[in-house]
Each structure stands twice: as structure tokens, then as C-alpha cells.
Amino acid sequence: MTPQAKKLLSYLFKLSILVLACLFIYRRILKNNDNLKHFRDLTAHLTYNRVVITLAVIILLMILNWVLESLKWWHLTRIIAPVSVWRAIEAVFCGLTWAVFTPNRIGEYGGRVMFLPNRRRIHGVFAMAVGSFGQNVITNVLGAGAAVWFLYSFIHLNNWLMVGITIIAAAFMGLMLVCYFNIKWMVSLLNRIKFLKKYHRFFDIMGQYKTAELLNIMWFCLARFFVFTFQYYLIIHLLIPQMPFFQMSLIMFVFFFIQSAIPSLDFLDIGVRAMTAERLFSYVTNQHIAVVVAVSLIYIINLIIPALIGTIFVFKLKFFDRTY
């Protein structure tokens, strides 16, 4: 199969997932008159001021979220090509613009590193990989722990099976943390692969981050994780005020965990996100439309709006800059 055919097949597969997700949402949620009635009853108590204030706070948290990511990127680039904080902010928003139209947000790497000097751009890809790994560690560690709680609380598996799952989850969480704080192990492994020999100098960039630096990056990742968790809490609490904070937060951790494992194209991702969230929250609420609205709204605020802002910075890119 040619690369073009594989690429086409990949896009068709992802498009089919989107279509199935939209059909699922329509048939299970929007076509159900009871769901629509529940949602109308739910929103009847909302006032204009409350909605505006909640959305304003969520938008401010979106800005805080990406400023934290920009500070993380600024911190990551200090060992390869120091940039100003504002330059880091421009790079992050530009990367978001590229990410929206590329599979698994791979374009985000290209958008960011173009703000680095030409000879440091490949180094920047591997520096960004360290930051992405840190964010995935937070998502997977907290998500795996929440998944154990979810299975115990709602699925009611056999006790011995739950013990096994708990042990596996604990081992997985520990492995993720150990691998992150010992990232040099992964660098050593990559350096042993012969056909990757010409890239060894780039892999070594990842090994230059000391434990203290990795811990600082982890704090940025953790702060971002709780910022967008709080965003979801605000909008879900607005629509479903009776849902407990602790329960909602842990379900969101599971949601993030699942989303991190699903290949996606951000531009087509909203249907899959909504379907996943609706299935998870169906164990605690029958307000299916409210969950879909909440997830879709956060998606638009956190990804689409920043991507539009990032188009401003695309014009500042220097594709043929030869500076060091």
C-alpha cells in the first residue's frame, strides 16, 4: 500500500469514527424527547448573569491554561535556545493553529519550533517531547487511579479481578513516574538502535534535563491538569448543580485518561469527545445533553478559540531563518 493510500485510509477511518459518534449522539441523546425535556427543565433556572460570569471565568482559565503551557515551553527551551516569555506564548498559540488540522496534534510541534533559531528547531521537537511526556504522565497516573475507583464504584467487578486491576494500575502509575524522572534510560535505549544513530545528538537533548528541571516541568503539567478540570467543573456545575465535585472530578480524570489513548484529529474530535463523556457520565446522571454541551463548549473554548488567536502569530514565522 502506498503512503498516499495509507494516509487516505487513515483519514477515512477517523472520519467514520466522527460520523458514528455523531449518529450515536443524535440517536441516543438529541432524538430522545425525554433528554430534550430534561435539558429544558435543567436550563430553566439559569440566569443570564450567571451564564455570562461562568463563561467569562472559563475563558480566563483557558488563558491561564495556555500561559502555563507557554511558561513550560519557555522553561524547556532554556537549555537549547533561550527565548522570551512572550516569544514562548506566540509559539504555543501558533502551534495550536497548526495542531487543529493535523492528526494527533502533530502540527503543534512544527508550529512551536518554527519560533526557534533554524539550527535549534529539531532540538526543540525533542524538548517539546519531554513536556508532552510530562503531561501524559500526569494524565495517565491520575487517570489510572480514577479508573480503579470508577470500576469499583460503578462496574462492580469480581473482588479478585479488582485486586488484579488495582495492582496493574499501581504498577503502571509507578512505571510512568519512574520512566519520566529517569528519562535518560529512554535516551540510552534509543541510542542503542543502529538505524537511529544519526539522530543520537537530538535524543541526548532529552537526557540533559535534570531531576529538578523535570520536577519543575511536572508542576506546570499538574497545574494545567487541574485548571482544565476546574473548567469542566464550572460548566457542569452550571448545568447539573447537584453533581458532587469529587465524583465529577474523578470521572473527568477517567475521561482525560481515555482521550489521551484515542488517536484523533482535533478538527474532527468533538464528536468522539462528546460520546466518550456521555457514556462515562451516564452512570451518575441522566442529563446526557448537558454533558455533551459542556464537553463541546470546553472543546471550543480551549482549542478552537486559541487556534484562531494563533493565526495572528503564523505570519511572524521565519521559515528560512538561518540564525543559530
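Look up: the structure comes first, before these words.
All figures in this text were calculated on a predicted structure; none of them were measured in a lab. (Residues numbered from 1 in each chain as written. Predicted model: local features only at pLDDT ≥ 70, side-chain atom pairs only at ≥ 80, totals over all residues. Heavy atoms only, no water.)

**Student:** I'm lost on the overall build of the chain in this one. Help?
**Tutor:** Within the chain, the regular secondary structure consists of 13 helices and zero strands. In the chain, the succession of α and β elements from N to C terminus is α-α-α-α-α-α-α-α-α-α-α-α-α. Of the contacts made within the chain by residues no fewer than 6 positions apart, 75% connect residues no fewer than 24 positions apart. For the chain, the computed accessible surface area is about 16800 Å², with 70% contributed by carbon and sulfur atoms. (Helix = DSSP H or I, 4+ residues; strand = E, 2+ residues; numbered from the N terminus. Contact = heavy atoms within 4.5 Å. Areas by Shrake-Rupley, 256 points an atom, 1.4 Å probe, with all protein chains shown as cover.)

**Student:** I'm lost on the environment of Asn 65 in this one. Help?
**Tutor:** Here Asn 65 shows up in helix α3 (residues 48–77). Residues Asn 65 and Asn 302, 237 residues apart in the sequence, show an inter-C-alpha distance of 8.5 Å. For Asn 65, the residues in contact, after removing those within four places along its chain, are Arg 224, Val 227, Phe 228 and Asn 302.

**Student:** I tried to follow the pattern of salt bridges on my own but got confused; where do I start?
**Tutor:** Close approach of charged atoms lets side chains of opposite charge pair. Within this structure, the stated rule accounts for four salt bridges. The residue Lys 72 makes a salt bridge to Glu 69 at a minimum N-O spacing of 3.0 Å. With Lys 72 and Glu 69 both in helix α3 and three residues apart, this pair spans about one turn of that helix. The pair formed by Lys 72 and Glu 69 is uniform in burial state, with each residue classed as buried. The salt bridge involving Arg 112 is made with Glu 69; its shortest N-O contact spans 2.7 Å. Taken as a pair, Arg 112 in helix α5 (residues 107–113) and Glu 69 in helix α3 lie far apart in primary sequence, 43 residues in all. On the accessibility criterion, Arg 112 (2% relative accessible area) is buried. What you see here is one network of salt bridges that share partners, running through Glu 69, Lys 72, Arg 112 and Arg 224. (Salt bridge = Lys/Arg side-chain N within 4 Å of Asp/Glu carboxyl O. Buried < 20%, exposed > 50% of the residue type's maximum accessible area, 1.4 Å probe, protein only.)

**Student:** Which parts of the structure should I look at to understand a nonpolar patch on the surface?
**Tutor:** Where nonpolar side chains cluster on the molecular surface, the patch consists of Ile 59, Leu 60, Ile 63 and Val 67 and spans about 310 Å² of accessible area. Exposure remark for Val 67: the relative accessible area of 30% places this residue in the partly exposed category. (Patch = residues over 30% accessible without salt bridge, like charges linked within 9 Å, V, L, I, M, F, W, Y side chains within 5 Å.)

**Student:** Help me understand the packing of aromatic side chains, please; the structure alone is not making it clear to me.
**Tutor:** The description of an aromatic ring pair rests on the distance of the ring centres and on the angle between the ring planes. Summed over the entire model, instances satisfying the criterion amount to 19 aromatic pairs. On the basis of an interplanar angle of 40° and a centroid distance of 5.8 Å, the ring pair of Phe 154 and Tyr 283 is categorised as tilted. With a gap of 129 residues between them, Phe 154 in helix α6 (residues 121–155) and Tyr 283 in the loop between α12 (270–281) and α13 (288–314) connect regions that are remote in the sequence. You can call Phe 154 buried: its relative accessible area is 18%. Of the residues examined, Tyr 283 reaches a relative accessible area of 39% and is grouped as partly exposed. Residues Phe 255 and Phe 256 carry aromatic rings whose centres are separated by 5.8 Å and whose planes lie at 55° to one another, so their mutual orientation is tilted. Classification of Phe 255 by relative accessible area gives buried; the value is 0%. The class for Phe 256 is buried, based on a relative accessible area of 11%. By the ring-pair criterion, three or more aromatic residues cluster together here, those being Phe 225, Phe 226, Phe 228, Tyr 232, Phe 253, Phe 255 and Phe 256. A cation sits over an aromatic face here: Arg 112 above Trp 73, 5.5 Å from the ring centre. (Phe/Tyr/Trp six-rings, centres within 6.5 Å; stacked < 30°, edge-to-face > 60°. Lys NZ or Arg CZ within 6 Å of the ring centre and 35° of its normal.)

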